[in-house]
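# Fold and geometry: a report
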Amino acid sequence: MSISVTKKLFSLFIVLSYFTCFVIADCYFTSSVTVYIFNGIPASTIDVHVKSGDDDLGHHNITLNLGYRFHFCANIFGNTLFMGDFADNSRSAHFHVYDDDVFQYVNENYADITNVYWLLKQDGYYLSKEFKPYDDPSWAYRGAWE
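Residues numbered from 1 in each chain as written. Predicted model: local features only at pLDDT ≥ 70, side-chain atom pairs only at ≥ 80, totals over all residues. Heavy atoms only, no water.

### A look at unusual backbone geometry
Not every positive phi belongs to a glycine, and Phe-29 is a case in point at roughly 70°. With respect to the helices and strands, Phe-29 occurs in the loop between α1 (3-26) and β1 (32-39). Despite not being glycine, Asn-65 has its phi angle at roughly 70°, a positive value. (Helix = DSSP H or I, 4+ residues; strand = E, 2+ residues; numbered from the N terminus.)

Next up, the structure:
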């Protein structure tokens, strides 16, 4: 192989490597999503376990005013699903922390960057498209503890 062909192939490899890294890091053709889960229950530690069909994000303990967050690139087909299991000493809950319904609620304008905020309170779990004080009445009630 001549030096000219080798240089061209090497240059092509460098360019493709650059664009591959760029695309993977920035969620091209889909939404970049960050999900935040906060504990608003005094004197409690909540075990949070989030998973999808492909990824198990493990167990995380969150106490009052602390939270857990994770980031992902949504599936281009709109069928991304992350499920959450939540438990403290006396109760539990299981719900979709991210699916198409959640996306529709928090991202009315189909922006490239989506933030999802969940708040766990005494009476259940709440959803918001922006971070607000825990006592703000505009948090959307989504369900009760089991």
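### Section: a nonpolar patch on the surface
Together, Tyr-28, Phe-29, Ile-76 and Phe-77 make up a nonpolar patch on the protein surface, roughly 550 Å² of accessible area in all. Relative to the elements of secondary structure, Tyr-28 occurs in the loop between α1 and β1. Take Tyr-28: its relative accessible area is 36%, and that puts it in the partly exposed class. (Patch = residues over 30% accessible without salt bridge, like charges linked within 9 Å, V, L, I, M, F, W, Y side chains within 5 Å. Areas by Shrake-Rupley, 256 points an atom, 1.4 Å probe, with all protein chains shown as cover. Salt bridge = Lys/Arg side-chain N within 4 Å of Asp/Glu carboxyl O. Buried < 20%, exposed > 50% of the residue type's maximum accessible area, 1.4 Å probe, protein only.)

### Looking at the state of the cysteines
Inspection of the entire model under this criterion finds one disulfide. Sulfur-sulfur distance for the disulfide between Cys-27 and Cys-73 comes to 1.8 Å. Between Cys-27 and Cys-73, the disulfide has an S-S torsion of -70° and is therefore left-handed. Separated by 46 residues along the polypeptide, Cys-27 in the loop between α1 and β1 and Cys-73 in strand β4 (residues 67-73) bring together distant segments of the chain. (Disulfide = S-S within 2.5 Å.)

### Quick look at the pattern of salt bridges
All told, the structure shown has one salt bridge when counted by the stated rule. Residue Asp-88 is joined to Arg-91 by a salt bridge in which the shortest nitrogen-to-oxygen separation is 3.2 Å. A relative accessible area of 16% means that Asp-88 is categorised as buried. Taking the relative accessible area as the measure of exposure, Arg-91 reaches 18% and is therefore buried.

### A closer look at the sheet that holds strand β5 (residues 82-87)
Within the open sheet, the four strands sit side by side as β3-β2-β5-β6. Their pairing is antiparallel. Each edge of the open sheet is held by one strand with a lone partner, namely β3 (56-63) and β6 (92-98). Sheet twist, expressed as the average angle between the axes of neighbouring strands with direction ignored, equals 20°. Relative to β5, strand β2 (residues 45-51) is paired through five bridges, and the arrangement is antiparallel. Counterpart to His-49 in the pairing with β5 is Asp-85. (Pairing = 2+ DSSP bridges. Axes fitted to C-alpha atoms, helices over the stretch in contact; angles between N-to-C directions.)

### Digging into the sheet that holds strand β8 (residues 124-128)
Read across the sheet, five strands follow the order β4-β1-β7-β8-β9 without closing on themselves; strand pairing throughout is mixed. In this open sheet, the two edge strands, each paired with only one partner strand, are β4 and β9 (140-143). Across the sheet, the axes of successive neighbouring strands diverge by a mean angle of 25°, strand direction being ignored. Inspection of the sheet shows β1 paired to strand β7 (residues 113-121) by eight bridges, in the parallel sense. Residue pairing for β7: Asn-39 is matched across the bridge by Leu-120.

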